[in-house]
Amino acid sequence: MAVNTDAIGKTYPAAVYAVGREKIREYASAVGEHNPVHLDPDAARRVGFADVVAPPMFAVVYSNAAILPGLFDPDLGIDFAHMVHGSQEFRWGPLVVAGDEITTTATVKDVSERGGMGFYVFETDSRNQNGDTVCVGTWTNIVRTG
Amino acid sequence: MSAVKTGDTFELTVTPDRYLTVRYAGASGDFNPIHIDEEFAQQVGLPGRILHGLWTMAQVARAHSEALGGPDKLERLSVQFRGMGVMEQEIVVSGTVREVDGDRAVVASEATQNGKRIIRNGEAVVRL
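Residues numbered from 1 in each chain as written. Chains lettered and ligands numbered in written order. Predicted model: local features only at pLDDT ≥ 70, side-chain atom pairs only at ≥ 80, totals over all residues. Heavy atoms only, no water.

K.L.:
Just give me the short version of the overall build of chain A, but keep the residues and values in it.
P.N.:
A count of helical and extended segments in chain A gives 3 helices and 5 strands. In sequence order, chain A lays out its α and β elements as β-α-α-α-β-β-β-β. Viewed in the frame of its principal axes, chain A has a C-alpha envelope of about 55 × 30 × 20 Å. The 146 residues of chain A split such that 49% are buried. Pairs at least 24 apart in sequence give 68% of the contacts found in chain A among residues at least 6 apart. Carbon and sulfur atoms provide 53% of the accessible area of chain A, an area that totals close to 6,300 Å². (Helix = DSSP H or I, 4+ residues; strand = E, 2+ residues; numbered from the N terminus. Buried < 20%, exposed > 50% of the residue type's maximum accessible area, 1.4 Å probe, protein only. Contact = heavy atoms within 4.5 Å. Areas by Shrake-Rupley, 256 points an atom, 1.4 Å probe, with all protein chains shown as cover.)

K.L.:
I'd like to hear about the interface of chain B and chain A, residue by residue, with values.
P.N.:
Each side of the interface is counted separately: chain B has 27 residues, and chain A has 27 residues. Taken together, both faces of the contact between chain B and chain A bury some 2,100 Å²; the carbon and sulfur share is 60%. In terms of surface lost to chain A, no three residues of chain B exceed B:Ala27, B:Leu54 and B:Pro71, which account for 26% of the buried area on that side. Put simply, chain B and chain A have 1 salt bridge between them. Between B:Arg76 and A:Glu89 there is a salt bridge, with the nearest N and O atoms lying 2.5 Å from each other. Counting every contact that joins chain B to chain A gives 12 residue pairs in polar contact (both at pLDDT 80 or more). (Buried area = accessible area lost by both parts, 1.4 Å probe. Salt bridge = Lys/Arg side-chain N within 4 Å of Asp/Glu carboxyl O. Polar contact = N/O pair within 3.5 Å; in protein donor to acceptor, adjacent residues only side chain to side chain.)

K.L.:
Give me the lowdown on the pairing of strand E5 (residues 116–127) of chain B, citing residues and values where you can.
P.N.:
Residue and element names in this part refer to chain B. The pairing of strand E2 (residues 74–81) with E5 spans 6 bridges and is antiparallel. Note on E5: the bridge partner recorded for Leu 77 is Ala 124. Connecting the antiparallel pair strand E4 (residues 104–113) and E5 is a turn made up of 2 residues, with Asn 114 showing a positive phi of about 55 degrees. (Pairing = 2+ DSSP bridges.)

K.L.:
Please provide a residue-by-residue account of the packing of aromatic side chains, values included.
P.N.:
What describes a pair of aromatic rings is the distance from one ring centre to the other and the angle between the planes of the rings. The final tally for this structure, using the stated rule, is 7 aromatic pairs over all chains. Ring centres 5.7 Å apart and planes at 35 degrees place the aromatic pair A:Phe90 and A:Trp92 in the tilted group. The residues A:Phe90 and A:Trp92 share a single accessibility class, namely buried. An aromatic cluster is defined as three or more aromatic residues linked by ring pairs; in this entry it consists of A:Tyr17, A:Tyr27, A:Phe58, A:Tyr62 and B:Tyr24. Just above the ring of A:Phe119 sits the side chain of A:Arg114; from NZ or CZ to the centre is 4.0 Å. (Phe/Tyr/Trp six-rings, centres within 6.5 Å; stacked < 30°, edge-to-face > 60°. Lys NZ or Arg CZ within 6 Å of the ring centre and 35° of its normal.)

Encoded structure:
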């Protein structure tokens with residue numbers, strides 16, 4: 001398959017996500033996180049957080065709106081019918097808590113072809129309202145030959 | 001967690017119930033029909049609805065947090081997804097401390113279901 005590498009380096013508009021207490025609870029419950037710091041504001045405050053703490057993998061929630069324009073970008077032309085999520089990396093900074101506002105920017109880090117498969121690598125950079133980087137994600141999607 | 005040392009291992013087992021992918025779709029915002037629509041999944045050649053890879057990765061992350069002392073311990077986690085995970089079958093996440101260097105540890109992990117690795121080459125850096 002031919003891949004279009006022209007979009008490497010392309011950055012999409014930032015997406016802002018307001019982190020809510022109930023969304024953290026909903027996410028924590030769906031992934032089986034039962035640590036009270038994720039569910040109970042009092043438990044979170046007792047250990048020094050302003051409100052319930054997002055599990056680290058909550059990064060997928062606040063990054064979601066930033067990553068979608070890349071997946072649907074005609075410049076990349078990703079063939080969804082043959083796309084699989086190949087690998088994922090997250091690097092975390094300070095924990096995210098309810099009340100934070102997270103701004104995420106997504107960039108096309110690499111597009112390549114190996115063994116007849118297309119590799120589309122996106123990087124997301126997420127910062128809180130203080131400008132701290134709370135998460136950098138590297139998302140690798142693989143498109144198999146149709 | 002100063003007691004963490006090279007060679008330490010931990011394990012987490014979890015069995016996703018029949019409607020897990022529906023709850024996770026709502027919680028995560030990933031409504032890809034291969035996870036929530038049985039007919040659609042079969043039409044595209046899958047045996048049926050499959051788990052979200054990022055839900056399974058969240059089980060790997062949770063295994064680290066529970067074994068090593070909380071959500072603030074995880075500094076980095078990378079995984080490769082392989083095959084597909086399904087509902088109502090037990091998943092086993094296993095981790096092994098590969099290296100301890102000062103206040104950081106490197107942990108290797110994988111997740112298996114029915115003897116198949118659905119996450120492999122998991123590697124984490126954990127704050128001690």
